[in-house]
Amino acid sequence: MPLRIQDTRLGSKCCIWLACIWLASTAAVAGTEHLWSRHTIDDSSRGADGVKLADVNADGRPDIVTGWEEGGITRAYLHPGSADANKPWPAVTVGQTPSVEDAVWADLDADGAVDIVTCCEGKARTAFFHWAPPVRSDLLSATAWQRRAVPITADRMQWMFAQPLQVDNAHGLDLILAGKGKDAQLGWLQAPAQPRDVAAWRWHPICSVGWVMSILPTDMDGDGDIDTLITDRRGPDRGCRWLENPGPGPSQTEPWRNHPIGGNDVEVMFATVADLDHDGWQDVLVAAKPRQILYLRRLDPSGKRWASSTIAFPENMGTAKGIAVEDVDSDSRPDIVISCEGATAPRSGLRWLSYRQSPFETHWQGHDIAGPDGIKFDRIELLDIDTDGDLDVLTCEERHEGRGLGVVWYENPINCP
């Protein structure tokens, strides 16, 4: 039933404020669809497949890059400011990228202009560099971007994901890359002295993989260098594991030591790192098929002792895909946001979860975000897009009504205007 305000002296602003509180507190009970307003950043192509962030024009706002897998293009989006964030964002197609699976920002040549790296699977089987225009006013000019294939990656494997990382402490940014399927590997592309010489980049395998979903650079053992935490959904070494960076030197170009931490008996999808139990150590949370969250709790600083438990998905959801952990409802406790594939109506593809008493509970309380619209969601980013003081949800969806919702964000109702 609607909220009734008996005392008219409270005024319209108070009515709106009380209505916001009522919506946020009762939506899960009432089963309200579309609890969070959806705003479309771009739905102009097909198969939006992931979002990555960086402030590329130095205006203090997060900008986005997304690969459109079925559309065969990669597009960048500049945050227009909070007043216009609920409208389509200024965008540019930075290049043709057939079967693109991932796109990520990285200033590869350290010229101050943030470039884009794309990973292509299917028949393309190549990584591309998209050199950004040196003048920021040209960022939205498609002809100002230059696409170059990286020769050493050509036809080596189906490329899935890239993560910029300074590995060898030499020259510019290196790249951790991973693939899927036959001959798939996790490894790193070593930047040459002249990063724009794409033929001079060198590939160093770290380990064999089946189908990598997450690449998370993290100092897992506290030795001061950055290791690589991954989720691998297929193959003999599937699960969540980390590869130990041996540090600069000859051993860094050889396979890295493998440390499994859990999930080898399930199909793991995306992961995130968070101190869920507030013990001072970073834990790992993994979305795992069909519908569960793996809570991999760190037991010591070495990164070699872990305890595994599960958190169930709420009813009426699709199968596990993306995951993020932040304080969504501003109660100073961590919440979990999950996205799904196979979320045909009336299932929801996007919800957030909160615990009642303890993060060790196996069943958290579910709260709807997206309702029944959308079938195949992807990675999640939590950020305050409209600068109203709460965390919104940025994601993309590629299957709704045959075309997909595209690149979208959902407005957190906690702080209503």
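Conventions we followed
Residues numbered from 1 in each chain as written. Predicted model: local features only at pLDDT ≥ 70, side-chain atom pairs only at ≥ 80, totals over all residues. Heavy atoms only, no water. Phe/Tyr/Trp six-rings, centres within 6.5 Å; stacked < 30°, edge-to-face > 60°. Helix = DSSP H or I, 4+ residues; strand = E, 2+ residues; numbered from the N terminus. Buried < 20%, exposed > 50% of the residue type's maximum accessible area, 1.4 Å probe, protein only. Salt bridge = Lys/Arg side-chain N within 4 Å of Asp/Glu carboxyl O. Core = buried A, V, L, I, M, F, W, Y, C linked by side-chain atoms within 4.5 Å. Contact = heavy atoms within 4.5 Å.

Draft legend 1. Summary view of the packing of aromatic side chains. By the definition in use, this model includes 6 aromatic pairs. Aromatic pair tryptophan 159 and tryptophan 203: ring centres 5.2 Å apart, planes at 85°, arrangement edge-to-face. With tryptophan 159 in strand E10 (residues 158–165) and tryptophan 203 in strand E13 (residues 202–208), this residue pair connects regions lying 44 residues apart in the sequence. Looking at tryptophan 159, the relative accessible area reads 0%, which means it is buried. The exposure class assigned to tryptophan 203 is buried, which follows from its relative accessible area of 9%. Through successive ring pairs, a cluster of aromatic residues spans Phe129, Trp131 and Trp201.

Draft legend 2. Fine view of the pattern of salt bridges. Throughout the structure, instances matching the rule amount to 22 salt bridges. The partner of glutamate 70 in a salt bridge is arginine 399, and the shortest N-O contact between them spans 3.9 Å. Of the two residues, glutamate 70 is situated in the loop between strand E3 (63–68) and strand E4 (73–77) and arginine 399 in the loop between strand E27 (392–397) and strand E28 (406–411); the sequence distance between them amounts to 329 residues. Using a relative accessible area of 34% as the deciding quantity, one classes arginine 399 as partly exposed. Linked through salt bridges whose partners overlap, the residues forming this network are Glu70, Lys376, Glu398 and Arg399.

Draft legend 3. Inspection of the nonpolar core at higher detail. In terms of nonpolar packing, the biggest core is built from 39 residues, with Ile176, Leu186, Ile206, Leu285, Ile293, Ile336 and Ile338 touching the most fellow members. If we skip the residues at most four places from it in the chain, isoleucine 206 touches Ile176, Leu186, Gly187, Trp188, Leu243, Pro255 and Trp256. Trp131, Ala162, Leu177 and Trp201 belong to the second-largest nonpolar core, a separate cluster that totals 19 residues.

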